[in-house]
Amino acid sequence: MKEGRIIKALSGFYYVKADDVVYPCKGRGLFRKQKITPLVGDFVTFDEHEAYITDIAKRTNELVRPPISNITQAILVSSATMPDFSSLLLDRFLVLIEAKQIKPIIVITKVDRTTEAELAHLGDIQQQYRNIGYQVILFSAKGERDPEALKPYFKDQVTVIAGQSGGWQNLFA
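Residues numbered from 1 in each chain as written. Predicted model: local features only at pLDDT ≥ 70, side-chain atom pairs only at ≥ 80, totals over all residues. Heavy atoms only, no water.

Q: Help me understand the overall build of the protein chain in this model?
A: In terms of helices and strands, the protein chain carries four helices and 11 strands. Looking at the protein chain residue by residue over its 173 residues, the buried ones come to 39%. Within the protein chain, contacts between residues separated by at least 24 positions form 62% of all contacts whose residues are at least 6 apart in sequence. With an accessible surface of roughly 10,500 Å², the protein chain has 52% of that area assigned to carbon and sulfur atoms. (Helix = DSSP H or I, 4+ residues; strand = E, 2+ residues; numbered from the N terminus. Buried < 20%, exposed > 50% of the residue type's maximum accessible area, 1.4 Å probe, protein only. Contact = heavy atoms within 4.5 Å. Areas by Shrake-Rupley, 256 points an atom, 1.4 Å probe, with all protein chains shown as cover.)

Here's what the structure looks like:
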């Protein structure tokens, strides 16, 4: 038996990474009977020869949408404009993420499309969230606030990205 982590689930197959090798596996029928669904992020024991997952380790947390487990951080994306920044929406995401013991990182996008007054207001918002302990990053997909600056946040983390649509268009293209 080997131990690994599910990195992808597709059409009833679970792709388990162990020792830098990815193994396509199926879940045991026992899981269905127990109403347990293996999730991306699960640490599992599997039989590499029979290609079956035999056990799922206890999860630290899980999300329903997207279905993922053992998440260490969430990047919460809010748009500065088009659509306008909404602290209500951001706060709702923060409550959900904090309830699951997931570290949030707030990213406010499209700052290149703001006026000087709007940018100053965003700076105030950024400071308010920082004052209560959140990490807040302002940037755009173009110009001085380069999306490449986010890459270090992904190292050694299981990250989920959530927020307003449109904020990540062409982010790492």
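Alright, that's what it looks like, and here's the rest.
Q: Before we go on, may I ask you to explain the packing of aromatic side chains in this structure?
A: Within this structure, the stated rule accounts for two aromatic pairs. When the ring centre of Tyr52 is taken as origin, the NZ or CZ atom of Arg28, which lies over that ring, is 4.6 Å away. (Phe/Tyr/Trp six-rings, centres within 6.5 Å; stacked < 30°, edge-to-face > 60°. Lys NZ or Arg CZ within 6 Å of the ring centre and 35° of its normal.)

Q: Quick question: what am I supposed to make of helix α3 (residues 116-131) here?
A: Note that an α-helix has 3.6 residues per turn; residues three or four places apart therefore point the same way. Taking 1.5 Å of rise per residue, 16 residues should cover 22 Å, and α3 covers 23 Å from first to last C-alpha, within 8% of that figure. All of the buried residues in α3 are Leu122, Ile125, Gln126 and Tyr129. Relative to the axis of α3, the buried residues are bounded by an arc of 105 degrees and lie together on one face. Exposed side chains of α3 directed beyond 90 degrees from the buried face belong to Glu116, Ala117, Gln128 and Asn131. Where α3 is buried, its residues touch α2 (87-99), β9 (103-109) and β10 (135-138). (Expected span 1.5 Å × (residues − 1). Arc of directions from axis to C-beta.)

Q: Would you explain the sheet that holds β9 in this entry?
A: Across a sheet, strands are paired by hydrogen bonds formed along the backbone, either parallel or antiparallel in direction. A sheet is described by the order of its strands in space; here four strands give the open sequence β10-β9-β8-β11, paired in parallel fashion. Edge positions in the sheet fall to β10 and β11 (159-163), since each of these pairs with one other strand and no more. Between one strand axis and the next, the sheet turns through 25 degrees on average, direction left out of account. Across seven bridges, strand β8 (residues 73-79) lies against β9 in parallel orientation. Its bridge partner being in β9, Ser78 is matched across the sheet by Ile108. Contacts between α3 and the sheet are confined to β9 and β10, with β10 contributing the most and set at about 160 degrees to the helix. (Pairing = 2+ DSSP bridges. Axes fitted to C-alpha atoms, helices over the stretch in contact; angles between N-to-C directions.)

Q: Which parts of the structure should I look at to understand the pattern of salt bridges?
A: Pairing between side chains of opposite charge can happen when their charged atoms approach one another. If you walk through the whole model with that rule in mind, you get four salt bridges. Taking the shortest distance from any N to any O, the salt bridge between Glu62 and Arg59 comes out at 3.1 Å. Given the relative accessible area of 33%, Glu62 is considered partly exposed. Residue Arg59 is classed as partly exposed on the basis of its relative accessible area of 22%. Between Asp156 and Lys155 there is a salt bridge; the shortest N-O distance is 3.9 Å. (Salt bridge = Lys/Arg side-chain N within 4 Å of Asp/Glu carboxyl O.)

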